[in-house]
Amino acid sequence: MLNLQNILSVFLIFIPVSIAGHFLHWSDPVVFITSALAIIPLAAWMGTATEEIAVVMGPALGGLLNATFGNATELIIALVALNAGLIDVVKASLTGSIIGNLLLVMGFSMLLGGLKYKEQTFQPIVARVNASSMNLAVIAMLLPTAVDYTSTGISTDAIQKLSIAVSIVLIGVYGLTLLFSMKTHTYLYDIDADMDLEELADSNLDGDTEHGEVNLPLWITVLLGCTLLVAVESEFLVSTLEVATEQLGLTAFFTGVILVPIVGNAAEHATAVTVAMKDKMDLSVSVALGSSLQIALFVAPVLVLAGYIMGQPMNLNFNPFELVAVGVSVLIANSISSDGRSNWLEGSLLLAAYLVLGFAFYFHPVIDGIG
Amino acid sequence: MLNLQNILSVFLIFIPVSIAGHFLHWSDPVVFITSALAIIPLAAWMGTATEEIAVVMGPALGGLLNATFGNATELIIALVALNAGLIDVVKASLTGSIIGNLLLVMGFSMLLGGLKYKEQTFQPIVARVNASSMNLAVIAMLLPTAVDYTSTGISTDAIQKLSIAVSIVLIGVYGLTLLFSMKTHTYLYDIDADMDLEELADSNLDGDTEHGEVNLPLWITVLLGCTLLVAVESEFLVSTLEVATEQLGLTAFFTGVILVPIVGNAAEHATAVTVAMKDKMDLSVSVALGSSLQIALFVAPVLVLAGYIMGQPMNLNFNPFELVAVGVSVLIANSISSDGRSNWLEGSLLLAAYLVLGFAFYFHPVIDGIG
Amino acid sequence: MLNLQNILSVFLIFIPVSIAGHFLHWSDPVVFITSALAIIPLAAWMGTATEEIAVVMGPALGGLLNATFGNATELIIALVALNAGLIDVVKASLTGSIIGNLLLVMGFSMLLGGLKYKEQTFQPIVARVNASSMNLAVIAMLLPTAVDYTSTGISTDAIQKLSIAVSIVLIGVYGLTLLFSMKTHTYLYDIDADMDLEELADSNLDGDTEHGEVNLPLWITVLLGCTLLVAVESEFLVSTLEVATEQLGLTAFFTGVILVPIVGNAAEHATAVTVAMKDKMDLSVSVALGSSLQIALFVAPVLVLAGYIMGQPMNLNFNPFELVAVGVSVLIANSISSDGRSNWLEGSLLLAAYLVLGFAFYFHPVIDGIG
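Residues numbered from 1 in each chain as written. Chains lettered and ligands numbered in written order. Predicted model: local features only at pLDDT ≥ 70, side-chain atom pairs only at ≥ 80, totals over all residues. Heavy atoms only, no water.

Caption draft 1: Region of interest: the UniProt feature "domain: Sodium/calcium exchanger membrane region" (unreviewed entry) in chain A. Per the UniProt entry, the sites bearing "domain: Sodium/calcium exchanger membrane region" (unreviewed entry) are residues 30–182 and 220–361 of chain A in this numbering. Helix makes up 84% of residues 220–361 of chain A and strand makes up 1%, while its end C-alpha atoms are separated by 39 Å. (UniProt positions renumbered as here; feature names shortened; annotations may be inferred. Helix = DSSP H or I, 4+ residues; strand = E, 2+ residues; numbered from the N terminus.)

Printed below as a string of structure tokens:
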């Protein structure tokens, strides 16, 4: 059966190509592009492996696994970039991941799903609980930026301390949302949740697997192998990023906000669109909203703490326009998802919002010493 | 039968008066005020003619006609002002039209309707679909401002290119919303839509017309004649605007944001209030929300493209306070219209919001070289 | 019966202690802290007395009394501080009261109520009407700040005039909301309203009172006596505030935003939490939302007018970060309260938002000449 995941797997060819490019000293743009393309199928297989293992481990542990490894690709790329000192690219990719999941992933899902079905419905309760957490997460994540922007000058040290304090609160909130969804209020999420989890695993594969016989050692090996390969490819990507983007006529800011997140989120993208076209909008919306929530509540604060440990000056002080862009994306995504219905026009509106934000990032003069 | 439209027709007397004033070289404030008053009934008759012709042409073509000519008055005034190089007045009038429709028109409708009926209801779905499009439109329209405000300096050329790119996306989105409402999802809007269209035509007239016998040539003549006269009066209005507002002790900014939109939207105003007092809130809310949506998705981008063709430096870089005012208006209008119910207090809240914004514009020191 | 109110009454001991401290010239931090602790039970008894008298006076007059004296404590502290020229502390305490009611009070209510009951419900209509008024109030209150922030310089005189104009509109809107809730649309609020009012009175007391025999002279005496004592303690608090906060290592800004409102709102806090734990979420949410609405629509504009009369330069030009903080709080509170349901996670999210805002205020460098 030919599906999106299978098509993505063709991209596995770029793994040897990018490795060859690296050792044979091909030009930076070539290594940059091939390593980016190589990460896409690896991310998809990491996702599949995580979900297969999650099915075996049962809802509680499996959910936790999903929650932790769900954005593993983005986390690995960001950690490698952080280690290389590309702080602003890391920040831009966080912004870009949130925007990309809310507008691009959800937009394509609603558009392509909506072209097939006149009107699609999903549980507004899930959208709403997520929306409240999302509002908090985004606001908290962007508060240090607001403090800096509304004062005549705050010391780097104070921004650093504030970012760490906020990060600890966010990780705490993330823990509470897991406790809520997996322990105390599972029933809110339970509607078809088990079925959906298998559905999700199926949608990532060729559909033939029977879950009575999940091959656990195989999937653990796949997960570890892909993680390792993603790390290697991220090294290639990051080491060539600055020269390559310059030669391609782009700013590192634009690359961080638009290109890196598309690579990192390709798997979610494929999954969300595939299930939307099967009229499983609950799952599709969950993937898009859940992924952006994880970035804000888990990936971003972990990177702040990691930066502190690594001695890199990572904090939550973003470019003010990133604040505007994220705020605007959350607003539009909320207003479109809050009624539990979607159609092709709503998908188009999300994509149009992504497009105009993309233009704005393209024309935004770089001011924070990026690029 | 005496109704609002008939009362407005009394203002037709100002057409000869303003023409006399122009050729007899009366003082600028007199020509300014008389030409403004002359435009009001002309706009009303243009609206009536458009709707009469629309009824004959059937839902599809008629809807398209309504969608294109709905804000013809504002568009003509703006094009004349643009041609005269009053860029900031044009921008201010766009902001003011959006604010005026959302707060002043909807506010008076809900207040006066609510004084007659304890609680009025309307389709929340229409409000909601409009709200999502509106959020996108407003955000897109104001993104260039945000880019400029959050950077230390973006070149005029980049703002121009960004504005054109955003305008093309907005016009595309406008086309999609027409396709959605007139072709693929008509049923969402169909509830009493035909009846409402006739109702709308009736409300603009004296109520005696029988639609079996619409006099098409007559109405086309009326439409063309009024369009021509609006253009002439706009010339008088624009050519006296700067001197007149100064002599009246106002800034051109205040005139652009408050006075020009009141003149341009008087017809919508009359219609929305009239039908609200007949407890047709669906129609009333549609007129107010639809008109502001048209400004943001159609009139504003058309003016940017027209400015480019005319060689006038029109773009979407507004005064930051205009961004605040529009954002705030959309927020309040959304929060009040989203539940599909209205009462006199909600109308009063909208009017109070308009009032405080008016104060703020009055006291706002002019910074963008306006006036 | 031991309840929160009784526990608070233990704090009455701080009245003589703080008086002694004042006359015996104890150190400023000691007088500051003891007078703060003394105000808490006084505010609670003022609230109780107001509600007891309101029960006797009937819904209309009683409601008006509640509406006027509901935030009497905050008003008294603010007037004393205003008289002492601590303008920025007054402004900060207004911001802090709104944030504190929306996030801290509602957060603790939803968290503690939610730990006892899996899901709690309340009338979303009340939350919604309040939300619209709240949006308007907050926006109007913060417009002068936006005007100042988006212009290169507005004269103090213009800000003053704008603030007075906005204040008059706000007080007018406050009058309209009272007219709406007490006269024209009482039925919207009537569901259990009478019962709730007695419930409220009971919850503040030991539960033994029988309302057939309310001792009116007693309660009037209590109200007047407490008002007097609050005024005295406010004098102690304000006169020691600057030195004490400095010695405690805090900025006056932080004290104004966080500490003063906690003292001023302790009574609402106790009431809202107590009734939430009895699963009376309608009442709990009303107290929290109503109190913040009163601050924005009544207390803030009264202080502007009072400042004008006193010759103190009080206006509505806040620190821009206060604008961000209030906007963010309203957004989160709206998104959590709009569906008429609550659980412990939503309470935690509100508290987390308060916590991160607290961090941000703590690290915010003081720029407006505060402290």
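Caption draft 2: Broad picture of the relation of the copies chain B and chain C. Here chain B sits on chain C after a turn of 120° about the axis and a move of 0.0 Å along it, with an RMSD of 0.0 Å. Classification of the inter-copy transformation places it as that of a three-fold axis. For chain B, the residue whose C-alpha comes nearest the rotation axis is Leu331(B), separated from it by 5.9 Å. When the interface residues of chain B are mapped onto chain C, a mere 3% of them are again interface residues, pointing to distinct binding faces. (Least-squares fit on C-alpha atoms with pLDDT ≥ 70 in both. Contact = heavy atoms within 4.5 Å.)

Caption draft 3: Here's a closer look at the relation of the copies chain B and chain A. Of the two same-sequence chains, chain B is brought onto chain A (RMSD 0.0 Å, axial shift 0.0 Å) by a rotation of 120°. Looking at the interface residues of chain B, only 3% of them are also at the interface in chain A, so each copy uses its own face.

Caption draft 4: Expanded view of the packing of helix α2 (residues 14–23) of chain C against helix α10 (residues 216–247) of chain C. Residue and element names in this part refer to chain C. At a minimum axis separation of 11 Å, α2 and α10 run at an interaxial angle of 45°. One element, α2, and the other, α10, form an angle in the oblique class. Where α2 crosses over α10, the handedness of that crossing is left-handed. Between α2, through Ile15, Ser18, Ile19 and His22, and α10, the contact on the second element is made entirely by Leu229, Glu233 and Phe236. Across the contact of α2 with α10, the residue classes break down as four nonpolar, two polar and one charged. (Axes fitted to C-alpha atoms, helices over the stretch in contact; angles between N-to-C directions. Parallel < 35°, antiparallel > 145°, perpendicular 65-115°, else oblique. Left-handed = near helix turned anticlockwise from the far one by under 90°. Nonpolar A, V, L, I, M, F, W, Y, C, P; charged D, E, K, R; others polar.)

Caption draft 5: Representation of the interface of chain B and chain A in the model. Tallying the contact residues gives 30 residues for chain B and 29 residues for chain A. In total, chain B and chain A occlude about 2,700 Å² of area from one another, counting both sides; carbon and sulfur atoms represent 78% of this. There are zero salt bridges connecting chain B and chain A. Between the two partners, chain B and chain A, sit seven residue pairs in polar contact (both at pLDDT 80 or more). Those elements that provide at least two residues to the side of chain B that touches chain A are α6 (124–149) and α7 (156–184) of chain B. Top element by residues in the side of chain B that touches chain A is α7(B). It accounts for twelve residues. (Buried area = accessible area lost by both parts, 1.4 Å probe. Salt bridge = Lys/Arg side-chain N within 4 Å of Asp/Glu carboxyl O. Polar contact = N/O pair within 3.5 Å; in protein donor to acceptor, adjacent residues only side chain to side chain.)

Caption draft 6: Main features of the interface of chain B and chain C. With 29 residues of chain B at the interface, the matching set in chain C holds 30 residues. Taken together, the two surfaces of chain B and chain C that pack against each other cover about 2,700 Å², and 78% of this comes from carbon and sulfur. Here chain B is connected to chain C by zero salt bridges. Linking chain B to chain C there are seven residue pairs in polar contact (both at pLDDT 80 or more). Elements that contribute at least two residues to the side of chain B that touches chain C include exactly α14 (320–337) and α15 (344–363) of chain B. With twelve residues, the single largest contributor to the side of chain B that touches chain C is α15(B). Of the residues contributing to the side of chain B that touches chain C, the split by class is 21 nonpolar, five polar and three charged.

Caption draft 7: Focus on helix α11 (residues 252–264) of chain A. Maximum bend of α11(A): about 25°, positioned at Ile258(A), with proline Pro261(A) one to four residues after it. Counted residue by residue, α11(A) has eleven buried out of 13 residues, so it is predominantly covered. (Bend = angle between axes of the 7 residues up to and from the residue. Buried < 20%, exposed > 50% of the residue type's maximum accessible area, 1.4 Å probe, protein only.)

Caption draft 8: The packing of aromatic side chains, seen in detail. Here the structure, examined in full by the defined rule, presents 24 aromatic pairs over all chains. For the ring pair Phe180(A) and Trp344(C), a centre distance of 5.7 Å and an interplane angle of 75° mean the geometry is edge-to-face. You can see Phe180(A) sitting in helix α7 (residues 156–184) and its partner Trp344(C) sitting in helix α15 (residues 344–363), one on each of two chains. For the pair Phe180(A) and Trp344(C), one class covers both residues: buried. Here the aromatic rings of Phe11(C) and Phe14(C) are separated by 5.9 Å at their centres, their planes lie at 70°, and the arrangement is edge-to-face. (Phe/Tyr/Trp six-rings, centres within 6.5 Å; stacked < 30°, edge-to-face > 60°.)

Caption draft 9: Quick look at the pattern of salt bridges. Residues and elements named next belong to chain A. Per the counting criterion, the structure on display carries six salt bridges over all chains. For glutamate 119, the salt bridge goes to arginine 341, with nearest N and O atoms at 2.5 Å. With glutamate 119 in the loop between α5 (87–116) and β1 (120–121) and arginine 341 in strand β2 (residues 341–342), this pair connects stretches of sequence that are 222 residues apart. Between aspartate 157 and lysine 161 there is a salt bridge; the shortest N-O distance is 3.3 Å. Taken together, the residues span about one helical turn, with aspartate 157 and lysine 161 both in helix α7 at a distance of four residues. When its relative accessible area of 46% is taken as the criterion, aspartate 157 is described as partly exposed.

Caption draft 10: Representation of unusual backbone geometry within the structure. Residues and elements named next belong to chain A. Phi at aspartate 279 takes a positive value of approximately 65°, unusual for a residue other than glycine. Checked against the element boundaries, aspartate 279 lands in the loop between α12 (266–277) and α13 (281–310). The class of aspartate 279 is partly exposed, set by a relative accessible area of 34%.

Caption draft 11: Looking closely at the packing of helix α5 (residues 87–116) of chain B against α15(B). Residue and element names in this part refer to chain B. One way to put it is that α5 packs onto α15 with a least axis distance of 7 Å and a crossing angle of 145°. Along this stretch, α5 crosses α15, giving a crossing that reads as left-handed. Here Ile99, Gly100, Leu102, Leu103, Leu104, Met106, Gly107, Phe108, Met110, Leu111, Gly114 and Leu115 of α5 come into contact with α15, specifically with Trp344, Glu346, Gly347, Ser348, Leu350, Leu351, Ala353, Tyr354, Leu357 and Phe361. Residue composition of the contact of α5 with α15, by class: 16 nonpolar, five polar and one charged.

Caption draft 12: Local environment of the side chain of Thr73(B). The residue Thr73(B) is located in helix α4 (residues 72–83) in this model. Ignoring anything within four residues of it in the chain, the contact list for Thr73(B) reads Ile39(B), Ala43(B), Met46(B), Val230(B) and Gly264(B).

Caption draft 13: Highlighting the confidence of the model for chain A. Residue and element names in this part refer to chain A. Overall, the prediction assigns chain A a mean pLDDT of 85, with 89% of residues at 70 or greater. The lowest-confidence element of chain A is helix α9 (residues 193–204), averaging 51 in pLDDT; the highest-confidence one is helix α2 (residues 14–23), averaging 95. This stretch, residues 367–371, has a pLDDT under 50; its non-local contacts, to residues over four places away or in other chains, come to twelve contacts. For this predicted complex, the interface confidence reaches an ipTM of 0.87, while the overall pTM sits at 0.88. (pLDDT = per-residue confidence, 0-100.)

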